[in-house]
Amino acid sequence: MGTPLFPFPPPSSFLSIHSSFPPQILVTASKALLLKQWDWKQAQCTRSWRAIHNVPIASMTFDPTATLLATGGCDGTIKLWDVVKQYCTHNLKGSSGVVHLVEFHPDISLLQLFSSASDCGIRMWDLRSSQCLCVLQSHYSPVTSLAFTPDGASMVSSGRDKICTVWDLKSRTARRTVPVYESVVLLPEDEDFSEIGVKTKEIHFITAGSKGICVLRVWDASSARCVFAQTLPSPPSYGDPRSLTYCLPLPSSLRLATVTAEHNILLYQLPSFTTQQQFVGFNDEVLDVKFLGKGDTHIVVATNSSQLKVFDLATSSCKILYGHTDTVLSLDVFKKGSLFVSCAKDKSVRVWRQDPDSGQVSCVAQGCSHANAVGSITCSRMKESFVVSGSQDCTIKVWDLPETIPETDGDMFQLTARVTEKAHDKDVNSVAVSPNDKLLVSGSQDRLAKLWSLGAPGADLALLGVFRGHRRGVWCVQFSPMDQVLASSSADGSVKLWSLQDFSCLKTFEGHDASVLKLIFVSRGTQLLTSGSDGLVKLWTIKTNECVKTLDAHQDKVWGLHATRKDDRVVTASADSNITVWTDVTEVEQAEEQAKQEDQILKKQELSNLLHEKKYLKALGLAISLDQPHTVLKVIKGIGEDGAKQLEKTVLKLRQDQKESMLRYCAVWNTNARSCLDAQAVIQVMLTHLSPEELLQYQGARAHLEGLIPYTERHMQRIGRLLQASMFLDYMWQKMRVTGAPAR
């Protein structure tokens, strides 16, 4: 069903991760002082070993040949490992404090390693003698990154003191100090970067840093001048979540990878600095999720933040949408899939449009008139004509959309509420629109669900009825896509099905141990899918009131639940930060079952033919492959009709795995008086021709043989009693005289 893409241990257990280049080996260091080497393509750990460090590892790096691995520890030591021969080659001591940075010189023939620790100096180590050649002093705060020129003659270092230093490694002196930000990456010298202001062949480098710095800058090292600064869609602010903390060059594809303060990874294409892909490293608590796009190719996710995240399901690439100023609570998508709506704690609702060609998403409309957080939102089902929101201010608002919705956020439309209705006495948790856009249902913390008539455009809401029966607050309400019923889920752990005709409760589904947070109709309204605070997702068949499937893939509240328009996939999202996409495999399983049954019929026919032709060995092997003890017993009886010699000859020709199955079947047959003689005949053949040592090597042989003993003793006692009875009958026969018969 749903399977994690990378089933590695959770990121919180890793202290340092590093891969070789090209990326063939992945090594991780954990708090348990273990180093693990992974086959990242197969997502399997190939080996693990103790790091020897007395405290956790703070930094790691591979040499250019990917045969040496350097680890810097919090104990001030650096250790080098031969990855191929699997042993520690060096133990470098002398650093003060945590060694938070290690880098090999690009020229492997020099066998030099550079490191930086808490003393802010850069140490140059000679690996031949294991001695520190010198300490380069220039920074007044910890050094964050090192970058080398292709010829290895120069090095650029950056630190948290907001300066970059260009070093001449031959003279081991600082050539120039450039006041910039933190992380530094050198631009490739053999590429044309004239379009971003690089006019000379001097050393140029890219910088990115934290403390509110969200832009990438290109600097000329010779003149200490910024020649290019990246432009952002919106101006950055201090503490912006887009702040960059690390850069990593990808020279083979001429790209640059950056890490943001929110642990997101962005891939930029050089020299244009356009964003190619974005990977989100941490989702926090996921509050809602919906499929998006014409073919449900994307999902839009509301997490415990003011940003929305749109994931491409094919590539896992993510786009982050900015607009709300507080936590986004709920989402809904229009029928065509390119327009969706969101609501948040900032008391606003927003309408977003996704471009079907480029995949770009922009906010095209906004409405702000609620007095409190907006906790639920839904949209019209037939046309893109209106939006309904429910708020913690106990009101429901209907927002009409313009006939022509703007294409971009440059000319954002300001929504005004057509209708405002005080609907409940407590928070409105859920709202839903009927498939024909004529009815509206709302569910509230006041334990009630209410049915409203939307009426014609411009008309007010009219209350049609109230659904009473839940013992605690109502979390979710949904209309059936086919019948005139609706479903509601509650914090009392139940799901109820209601009639729209007389507002009576038709069915109650109970099975969750905690609040039922979300529900949807699937399989054309014949089934319900529910998710709860217990982390479970349950599939219910409405006709039988039966829970036919329980999906257990989350460890916390499952807030998000949505199905594609074709009902072939479902996405769930939970407070445990996990988003799981499930595929409906009912048809596949049915096809497999049908194919299996057809195969069984063909094999049974073949078995009958083999027995008729007296091809006993093939018949017995085929019967064992069916794994049906009763069928195998029929074959044994058929072989037994030709005498014990035929049975012995056939059993001894079986493979070992087939003999193991025969021994297992005999233990079953021996429990029944009708089949015990056949079981004993097979066991006699095995015990006669197989040594005890050979027999005990069979899987489960000891347990099967021990299971044979008590039933065999019972059969012996029964046969003894029958023998005594038969002898008595024989005696009586001898003494009997038939009237008119001559005496013997």
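Residues numbered from 1 in each chain as written. Predicted model: local features only at pLDDT ≥ 70, side-chain atom pairs only at ≥ 80, totals over all residues. Heavy atoms only, no water.

Threshold: UniProt positions are given in the numbering used here, feature names are shortened, and annotations may be inferred rather than shown by experiment.
Under the annotation held in an unreviewed UniProt entry, the chain carries the name Transducin beta like 3 and is attributed to Oncorhynchus kisutch. Entered under Subcellular location (unreviewed entry) in the UniProt record, the comment concerning the chain runs "Nucleus, Nucleolus".

## Comments concerning the overall build of the chain
So the rule is basically this: Secondary structure is summarised from DSSP: a helix means a run of H or I of at least four residues, a strand means a run of E of at least two, and numbering begins at the N terminus for each. Our radius of gyration looks at C-alpha atoms and nothing else; its globule reference is 2.2 Å times the residue count to the power 0.38. Classification of residues uses two cut-offs on accessible area relative to the type maximum, computed with a 1.4 Å probe and protein chains only: under 20% is buried, over 50% is exposed, and between them is partly exposed. Per-residue accessibility takes into account occlusion by the displayed protein chains alone, with areas from the Shrake-Rupley method and a 1.4 Å probe.
A count of helices and strands for the chain gives 8 helices and 52 strands. What you see for the chain is a C-alpha radius of gyration of 37 Å, clearly larger than the 27 Å of a compact globule of 744 residues, by over 25%. Taking the principal axes of the C-alpha coordinates as reference, the chain spans close to 140 × 85 × 45 Å. Residues classed as buried in the chain amount to 49% of the 744 residues present. Working note: accessible area of the chain is about 36,900 Å², and carbon and sulfur atoms make up 52% of it.

## What to know about the pairing of strand 10 (residues 112-116)
As a reminder of what qualifies: Pairing between two strands is assigned when DSSP locates at least 2 bridges connecting them.
In terms of burial, strand 10 is largely enclosed, as 5 of its 5 residues are buried. On strand 10, burial covers both faces: Gln-112, Phe-114 and Ser-116 on one face and Leu-113 and Ser-115 on the other are all buried. In this structure, strand 9 (residues 101-104) lies alongside strand 10, joined through 4 bridges in antiparallel fashion. Looking across to strand 10, one finds that Glu-103 is bridged to Phe-114. Judged from the 5 bridges that link them, strand 10 and strand 11 (residues 122-126) form a sheet pairing that is antiparallel. For Ser-115, the partnering residue across the bridge sits in strand 11 and is Arg-123. Here strand 10 hands over to strand 11 after 5 residues, with Cys-120 in that stretch at a positive phi of 70 degrees.

## Quick look at helix 6 (residues 676-689)
Note the threshold: Here the expected length of a helix is defined as 1.5 Å per residue gap, with one fewer gap than residues. Every residue pair with non-hydrogen atoms within 4.5 Å of one another is taken to be in contact.
The first and last C-alpha atoms of helix 6 sit 20 Å apart over 14 residues, in line with the 20 Å expected at 1.5 Å per residue. If you check which residues of helix 6 are buried, you get Cys-676, Asp-678, Ala-679, Val-682, Ile-683, Val-685 and Met-686. Residues of helix 6 that are buried sit in contact with helix 3 (629-640), helix 4 (644-652), helix 5 (656-669) and helix 8 (701-735).

## Observations concerning the packing of aromatic side chains
Spelled out, the test is: The rule is short: rings of Phe, Tyr and Trp, with Trp giving its six-membered ring, pair when the centres are within 6.5 Å, and they are stacked under 30 degrees, edge-to-face over 60, tilted in between. Should the NZ of a Lys or the CZ of an Arg lie within 6 Å of a ring centre and within 35 degrees of the ring normal, that charge is described as sitting over the ring.
One pass over the full model with this rule turns up 9 aromatic pairs. Aromatic side chains Phe-340 and Trp-352 sit 6.3 Å apart centroid to centroid with 10 degrees between the ring planes, which places their arrangement in the stacked category. Of this pair, Phe-340 sits in strand 30 (residues 339-344) while Trp-352 sits in strand 31 (residues 348-354), and the two are 12 residues apart along the sequence. As far as the burial class goes, Phe-340 and Trp-352 line up, both buried. Taken together, the aromatic side chains of Phe-467, Trp-498 and Phe-503 make up a single cluster linked through ring pairs. The residue whose ring lies beneath Arg-714 is Tyr-711, and the NZ or CZ to ring-centre distance is 5.1 Å.

## Comments concerning a negative patch on the surface
This is how the line gets drawn: Patch criteria: residues need more than 30% relative accessible area and no salt bridge. Like-charged residues are merged within 9 Å; nonpolar side chains of Val, Leu, Ile, Met, Phe, Trp and Tyr are merged within 5 Å. Salt bridge criterion: a side-chain nitrogen from Lys or Arg within 4 Å of a carboxyl oxygen from Asp or Glu. For the purpose of charge, His is not counted, nor are the chain termini; Lys and Arg are scored as positive and Asp and Glu as negative. Every charge is mapped onto a representative atom, which is NZ of Lys, CZ of Arg, CG of Asp or CD of Glu.
A surface patch of negative charge is lined by Asp-151, Glu-189, Asp-190, Glu-191, Asp-192 and Glu-195. Tracing the chain through its elements places Glu-195 in the loop between strand 17 (183-186) and strand 18 (204-208).

## Digging into the state of the cysteines
Put simply, the rule is: Our working definition of a disulfide is a cysteine sulfur pair at a distance within 2.5 Å.
Counted according to the given criterion, the structure contains 0 disulfides. The thiol of Cys-343 is not disulfide-bonded; the next cysteine sulfur, from Cys-379, is found 11 Å away. Judged by its relative accessible area of 0%, Cys-343 falls in the buried class.

## A short note on the packing of helix 1 (residues 586-612) against helix 2 (residues 616-625)
So the rule is basically this: An axis is simply a line fitted to the C-alpha atoms; with a helix, the fit covers only the stretch in contact. Between two such axes, the angle follows the N-to-C directions and lies from 0 to 180 degrees. Angle categories are assigned with fixed cut-offs, so that under 35 degrees is roughly parallel, over 145 is roughly antiparallel, 65 to 115 is roughly perpendicular, and the rest are oblique. In this scheme the crossing of two helices becomes right-handed for a clockwise turn of the near helix relative to the far one and left-handed for an anticlockwise turn of less than a right angle.
Packing of helix 1 against helix 2 leaves a shortest axis separation of 8 Å and a crossing angle of 155 degrees. Classified by the interaxial angle, the pair formed by helix 1 and helix 2 is roughly antiparallel. Classified by chirality, the crossing of helix 2 by helix 1 is left-handed. Residue-level inspection shows Lys-603, Glu-606, Leu-607, Leu-610 and Leu-611 of helix 1 in contact with helix 2, the latter providing Tyr-616, Lys-618, Ala-619, Leu-622, Ala-623 and Ser-625.

## Quick notes on unusual backbone geometry
With omega at 5 degrees, the peptide bond leading from Leu-270 into Pro-271 counts as cis. Position of Pro-271 among the secondary structure elements: in the loop between strand 23 (265-269) and strand 24 (274-279). With a phi close to 50 degrees, Leu-111 is a non-glycine residue in the positive phi region. Residue position: Leu-111 is located in the loop between strand 9 and strand 10. Phi at Ser-523 is positive, roughly 55 degrees, even though this residue is not glycine. Position of Ser-523 among the secondary structure elements: in the loop between strand 46 (516-522) and strand 47 (527-532).

## Examining the sheet that holds strand 25 (residues 286-292)
Spatially, 4 strands are ordered 25-26-27-28 in an open sheet, and the strand pairing comes out antiparallel. Unpaired on one side and paired on the other, strand 25 and strand 28 (318-321) mark the two borders of the sheet. On average, adjacent strands in this sheet sit at an angle of 20 degrees to one another, irrespective of strand direction. As paired elements, strand 27 (residues 308-312) and strand 28 share 4 bridges and run antiparallel to each other. Paired with Phe-311 across the strands is Cys-318, a residue of strand 28.

## Brief notes about the UniProt feature "domain: U3 small nucleolar RNA-associated protein 13 C-terminal" (unreviewed entry) in the chain
In this numbering, the UniProt entry assigns the feature "domain: U3 small nucleolar RNA-associated protein 13 C-terminal" (unreviewed entry) to residues 604-736. A helix fraction of 81% and a strand fraction of 0% characterise residues 604-736, whose end C-alpha atoms lie 52 Å from each other.

## So, the nonpolar core
Inclusion rule: What we call a nonpolar core is a set of buried Ala, Val, Leu, Ile, Met, Phe, Trp, Tyr and Cys residues that are connected through their side-chain atoms within 4.5 Å.
Leu-620, Ile-624, Val-632, Val-635, Ile-636, Met-662 and Trp-669 are the most contacted members of the largest nonpolar core, which has 31 residues in total. When residues of this core are traced back to their parent elements, those giving at least two are helix 1, helix 2, helix 3, helix 4, helix 5, helix 6 and helix 8. A per-element tally of this core places helix 2 first, with 6 residues. Not counting chain neighbours up to four residues away, the residues in contact with Val-632 comprise Leu-620, Ala-623, Ile-624, Met-662, Tyr-665 and Trp-669. One finds Leu-216, Val-218, Leu-254 and Leu-256 within the second-largest nonpolar core, a separate group that totals 19 residues.

## Digging into the packing of helix 5 against helix 8
When two helices pack together, their arrangement is given by the angle between the helix axes and the distance between those axes. Quick reminder of the rule: As a working rule, the residues Ala, Val, Leu, Ile, Met, Phe, Trp, Tyr, Cys and Pro are called nonpolar, Asp, Glu, Lys and Arg charged, and the rest polar, with Gly in that last group.
For the pair helix 5 and helix 8, the least separation of the axes is 9 Å and the interaxial angle reads 25 degrees. Classified by the angle between their axes, helix 5 and helix 8 sit roughly parallel to one another. The interaxial crossing formed by helix 5 with helix 8 has left-handed handedness. Contacts from Leu-663, Arg-664, Cys-666 and Ala-667 in helix 5 reach Ala-701, His-704, Leu-705 and Leu-708 in helix 8. Taken together, the residues that form the contact of helix 5 with helix 8 break down as 6 nonpolar, 1 polar and 1 charged.

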